[in-house]
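# Examination of the molecular architecture
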Amino acid sequence: MRMKNMMIKAWTKVMVPVRNERGAQSLEWLGLAALLILVLGIVSQAVNENSTGIGTIINNIIQKITQMVG
């Protein structure tokens with residue numbers, strides 16, 4: 001009986017951190033926020049360098065993507 005209790009305690013100590021997903025979810029949100037900031041930074045730099053307008057920038061991006069795809 002004592003060995004069984006020890007095994008249950010050991011199993012609980014191992015499995016509780018594995019089932020805790022709050023930290024992983026926080027990291028996902030931080031990753032998404034970092035990605036959004038990166039994209040906004042790239043777009044703002046592209047807009048600052050090009051004074052022709054956002055339409056031209058979007059067309060250039062679409063053309064480059066279609067060239068990469070095929």
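Reading the values: rules and limits
- Residues numbered from 1 in each chain as written.
- Predicted model: local features only at pLDDT ≥ 70, side-chain atom pairs only at ≥ 80, totals over all residues.
- Heavy atoms only, no water.
- Helix = DSSP H or I, 4+ residues; strand = E, 2+ residues; numbered from the N terminus.
- Buried < 20%, exposed > 50% of the residue type's maximum accessible area, 1.4 Å probe, protein only.
- Areas by Shrake-Rupley, 256 points an atom, 1.4 Å probe, with all protein chains shown as cover.
- pLDDT = per-residue confidence, 0-100.
- Patch = residues over 30% accessible without salt bridge, like charges linked within 9 Å, V, L, I, M, F, W, Y side chains within 5 Å.
- Salt bridge = Lys/Arg side-chain N within 4 Å of Asp/Glu carboxyl O.

### Concerning the overall build of the protein
When its secondary structure is counted, the protein shows 3 helices and 0 strands. In sequence order, the secondary structure elements of the protein are arranged as α-α-α. Within the protein, the proportion of its 70 residues that are buried is 3%. As displayed, the protein has an accessible area near 6,700 Å², and 67% of this comes from carbon and sulfur atoms.

### Let's talk about the confidence of the model for the protein
Any region with low pLDDT has predicted coordinates that should not be read closely. For the protein, mean pLDDT is 77; residues scoring 70 or higher make up 76% of the total. Averaged over each element, pLDDT in the protein is lowest for helix H1 (residues 2-19) (72) and highest for helix H3 (residues 54-69) (82).

### Considering a nonpolar patch on the surface
On the surface, a cluster of nonpolar side chains totalling about 970 Å² of accessible area is made up of Trp-29, Leu-32, Leu-35, Leu-38, Val-39, Ile-42, Val-43, Ile-54, Ile-58 and Ile-62. At the level of secondary structure, the elements contributing two or more residues to the nonpolar patch comprise helix H2 (22-49) and H3.

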